[in-house]
Amino acid sequence: MATVDKPQSATADAGARDYKVIGTRPIRHDGVDKVTGRARYGADIALTGMLHGAVLRSPHAHAKILSIDTSAAKKLPGVRAVVTHADLPDVASKVADLGEGMFDLRDLSRNVLAHDKVLYRGHAVAAVAADNVHIADEALRLIEVKYEVLTPVMDVVEAMQDGAPILHDDLRTEGFVSSDDAADKPTNIAKVFLHEKGNLEQGFAEADLVIEREIRTATVHQGYIEPHNATVHWNADGQITCWISTQGSFVVREQLAGLLQVPVSRVRVIPMEIGGGFGGKIPVYMAPAAAIMSKMTGRPVKMIMDRAAVLEATGPTPGSCVRVKLGVKSDGTIVAGDAWIAFEAGAFPGSPVPAGCMCVFACYDVPNGRVQGFDVVLNRPATKAYRAPGATQVAMATETVIDEICEQLKLDPLEFRLKNGAREGTRRVDGPVFARIGMLETVKAIRDSEHWQSTLDGKWRGRGVASGYWFNAGLKSAVTASVNADGRVSMLEGSTDIGGSRASISMMLAETLGIGAEDITPAVVDTDSIGYTDVTGGSRVTYATGWAAYEAGLDIQRQMCERAASIWDCDSKDVTFAAGTISGPEGKSFSFKELAQKVQSSGDPVIGRGVSDHNEPGGAFATHCVDVEVDPETGKVTILRYTAAQDVGTAIHPAYVEGQIQGGTVQGIGWAINEEYFYDKEGRMRNASLLDYRMPTCYDLPMIDALIVEVPNPGHPYGVRGVGEVPIVPPPAALANAIHAATGIRMTSLPMSPPKVLHELLKARAASGNGK
């Protein structure tokens, strides 16, 4: 058996590891196409005979559909097809796990096109395919829909109350419910989650200080620039091809096959480049309707959402109500924690409240704890993932309570975290025990930073810190790699690239083979060209697809050793592969490129195959520090300085790691001080444009200083931990704590926008009779 080159143990100190490619900053493989405009996105598709689709959406947040008359629309010249939910196959309720989120196929079908009720403003009711988009839009105005308008319920706590308007007559509460709540009656509470550890009552009895607070967070959007799109051709032979910008081509395949009731082998999904997703481009919205209209017409149908529809009708992250109660000893030791978490699911069950329950106390060793979670439907679009889904909301509650504890006990907030922070062997309240993690290292990085060591002078200025956690995911990935005669390697993968993963995965394959990153040619291919690969989400791609690339590299190593043995006429066990050199007996050797030149003339092609289904992604932790200045006359919060420390395991491409940390932090800042869905009492979103839905720009922010902490994950050959999600978790809490330090007020709802901050300042002035 040939001896192949494996990396050092992932438990080794990062600084002692001798990598040639990992840790460098090569140019991204897709960079030229993107900066020159050659990269093709979903809107760039143009096919022969292509029709253009448009969607009619509900003007009401909650209403029964009494009738839909499409006759006039069908008669309009240039209209080729009109569909409603009646044209979709009947789909039984069936829950499918599609990576980052669970989907009930019946709910998904009723979200694609409303069945008997519309459940939010913007809910799709009918779709039209026509010769051009202008005819399609005109046809929409000819469709007559009669509604019986119902009272909407827009608040998560109100939706949980007896007597609240009911969205689904057949919905019953599942999970950990009391006998009273388990009665066979309609409800808006879809599911109840419960985690317990230790003795909660005893823990609080031992506490010297107990603080309990309630936090509200608003519904916010992921903020991707590219709108949703789909082009579908249902061919006469029954083969369905879908071109789409998505975070998971196989996820789209599974959804289309289920909704259209066809075998998965009849659906081919071609992923286009994607202009941002952040968790919001996992479910399908228009593709099923486009498929049905393509089948009706025999022609491909292209559909693109406008911005208002993106905001009103696709899945944002949920608003929430979170109550956190913590008990500590006088020296700051945590003895008990209790959390009550209610998340908006939107129109259909499936909010990320399970993840919120996992993350709420995960940064700390809580010996006695309870976490209750509630998945609640209400008349908003069905909520979906957004970068560490569920973690930001709960961190806002836990981290601000901790800041208040530190204030009352006069404890340094970083020393408190070092005292109580999770470490190897800590068991979370929901059960799992941490392996080697870097929570404490991120706190130390902030403590030792020039930022923390500096002084902050001036009235109305304050500094805040907060920590955050995301568990990361593993799931399935596949990679194949072919050795070319010039020594370059063509790599095929199924993970759509939304954060530079082509580069990071190529770098791990290059490291395994001992060649340069530029010698790898990566391609993200369709569902017929690679093995099953789960969604790009959950911070899983560099971990899982990187592991598959590593396995493909080992497969190539073995084949190259066997090929060299054949050429040298020796036993393959006498051949070794190390650092890109194949060595044999009597001092014989080939470089990788030299042997590659002999591959075609000496035997079969060398094609490496790698798959991954590992589930040791290693938790990701971050600690952030922010300085702010608050304008006492307007309530505006100006960020003066921001530092984010994060345990990344191993930084495969440090520039992309820094970019992920900075990007996630900026989104968390927007969530904290600007962004929210603003609804009126009728359930109409009043800021459904990027003019009125205010996201931060470069003019609102300082440079985000990213501190890379490397505590290698023992569950990966190169020590990888996902990095993309956890940076969004600490910012709201860090900013809330900084605002308190600057003003003395505790903000308990997001966003902490100027009107809200000013309102609290005025209340404080009225109560105290002075300005601070």
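Here the structure is a predicted model, which means the values were calculated and not measured.

Parameters and conventions
Residues numbered from 1 in each chain as written. Predicted model: local features only at pLDDT ≥ 70, side-chain atom pairs only at ≥ 80, totals over all residues. Heavy atoms only, no water. 1 Å grid on protein atoms, 1.4 Å probe; cavity = no way out; pocket = protein on both sides within 12 Å on 5 of 7 lines; lining within 4 Å. Points joined across faces, edges and corners; volume = space filled by probe spheres on them. Helix = DSSP H or I, 4+ residues; strand = E, 2+ residues; numbered from the N terminus. Nonpolar A, V, L, I, M, F, W, Y, C, P; charged D, E, K, R; others polar. Core = buried A, V, L, I, M, F, W, Y, C linked by side-chain atoms within 4.5 Å. Buried < 20%, exposed > 50% of the residue type's maximum accessible area, 1.4 Å probe, protein only. Contact = heavy atoms within 4.5 Å. Domains from an automatic or database assignment. Polar contact = N/O pair within 3.5 Å; in protein donor to acceptor, adjacent residues only side chain to side chain. Arc of directions from axis to C-beta. Buried area = accessible area lost by both parts, 1.4 Å probe. Salt bridge = Lys/Arg side-chain N within 4 Å of Asp/Glu carboxyl O.

Undergrad: Just checking my understanding: could you explain empty space enclosed by the protein for this structure?
TA: Over the atoms rolls a probe the size of a water molecule, and in doing so it shows where empty space is left. What the rule picks out here adds up to four cavities of 30 Å³ or more. If you add up the space inside the largest cavity, you get close to 100 Å³. Lining the largest cavity are 14 residues; nearest its centre among them are Arg-57, Asn-111, Val-112, Ala-124 and Tyr-285. Elements that contribute at least two residues to the lining of the largest cavity include exactly β1 (51-57), α3 (105-112) and β7 (124-130). Broken down by class, the residue content of the lining of the largest cavity amounts to twelve nonpolar, one polar and one charged.

Undergrad: Looking at this model, I keep getting lost on the nonpolar core. Mind explaining?
TA: Generally speaking, soluble globular proteins have nonpolar side chains that are buried together. Counting 102 residues, the largest nonpolar core has Val-324, Ile-341, Phe-361, Val-628, Leu-735 and Met-752 as its most contacted members. Other than its neighbours up to four places away in sequence, Val-324 contacts Ile-211, Glu-212, Arg-213, Asp-338, Ala-339, Val-360, Phe-361, Ala-397, Thr-398 and Val-401. Counting 46 residues, the second-largest nonpolar core is a separate cluster that includes Leu-105, Val-262, Ala-287 and Val-301.

Undergrad: Explain the layout of surface pockets here, please?
TA: Of the voids in this model, the second largest pocket is the one considered here, and its volume is about 1000 Å³. Going through the elements one at a time, α15 (501-513), α16 (541-568) and α18 (654-673) are the ones with two or more residues in the lining of the second largest pocket. Here the residues of the lining of the second largest pocket are counted per class, giving 17 nonpolar, 24 polar and nine charged. Formed jointly, the lining of the second largest pocket draws a minimum of three residues from each of two domains, domain 1 (435-472 + 617-772) and domain 2 (476-613).

Undergrad: When you look at the side chain of Gln-646 in this model, what are you seeing that I'm missing?
TA: Considering the arrangement of structural elements, one finds Gln-646 in strand β28 (residues 637-647). At 3.0 Å, the side chain of Gln-646 and the backbone oxygen of Val-723 are in polar contact. When near neighbours in sequence (up to four residues on either side) are disregarded, Gln-646 contacts Thr-442, Phe-621, Ala-622, Ile-661, Leu-707, Ile-708, Val-709, Gly-722, Val-723, Val-726 and Pro-727.

Undergrad: What should I look at first to understand unusual backbone geometry in this one?
TA: If a residue is not glycine, its phi is most likely negative; likewise, a peptide bond is most likely trans. That bond from Leu-750 to Pro-751 is cis: its omega, 0°, falls within 30 degrees of zero. Following the sequence through the fold, Pro-751 ends up in the loop between α19 (731-743) and α20 (754-768). Phi is positive for Gln-261, close to 60°, though the residue is something other than glycine. Tracing the backbone through its elements, the reader meets Gln-261 in the loop between α7 (249-260) and β14 (267-271).

Undergrad: Sorry, what's going on with helix α17 (residues 592-602) here?
TA: The periodicity of an α-helix, 3.6 residues per turn, causes residues three or four positions apart to be oriented the same way. Along α17, the positions that sit buried rather than exposed are Phe-592, Leu-595, Ala-596 and Val-599. End-on, the buried residues of α17 take up no more than an arc of 110°, which puts them together on one face. Residues Gln-597 and Ser-601 are exposed on α17 and point more than 90 degrees away from its buried face. Trailing α17 by a residue or two, Gly-603 shows a phi angle of about 160°, which is positive.

Undergrad: What's the story with the domain arrangement of the chain in this structure? I'm lost.
TA: Much of the literature gives interface size as the accessible area that the parts lose upon coming together. Examined at the domain level, the chain breaks down into domain 1 (435-472 + 617-772) and domain 2 (476-613). Buried surface at the junction of domain 1 and domain 2, both sides included, amounts to about 1300 Å², of which 68% is carbon and sulfur. Of all residues in domain 1, the largest losses of buried area upon contact with domain 2 belong to Ile-652, Pro-717 and Tyr-718, amounting jointly to 38% of the total for that side. Between domain 1 and domain 2 we count zero salt bridges in total. Taken together, the connections running from domain 1 to domain 2 amount to six residue pairs in polar contact (both at pLDDT 80 or more). A breakdown of the residues in the side of domain 1 that touches domain 2 according to their chemical character gives eight nonpolar, eight polar and one charged.

Undergrad: In this structure, what is going on with the pattern of salt bridges? I would like to understand it.
TA: A side chain of one charge can pair with a side chain of the opposite charge when the charged atoms of the two come close. Under the definition given, this model contains 40 salt bridges. In this structure, the salt-bridge partner of Asp-30 is Arg-502, at a minimum N-O distance of 3.0 Å. Taken as a pair, Asp-30 in the segment before α1 (31-36) and Arg-502 in helix α15 lie far apart in primary sequence, 472 residues in all. Each member of the pair, Asp-30 together with Arg-502, is buried. A salt bridge links Arg-172 to Asp-184, with the shortest nitrogen-to-oxygen separation between them at 2.6 Å. Here the residue Arg-172 occupies a position in the loop between α5 (156-160) and β9 (174-175), and Asp-184 occupies one in the loop between β9 and β10 (189-197), the gap between them amounting to twelve residues. Within this structure, Arg-28, Asp-30, Lys-34, Glu-273, Asp-497 and Arg-502 form a network of salt bridges that share partners.

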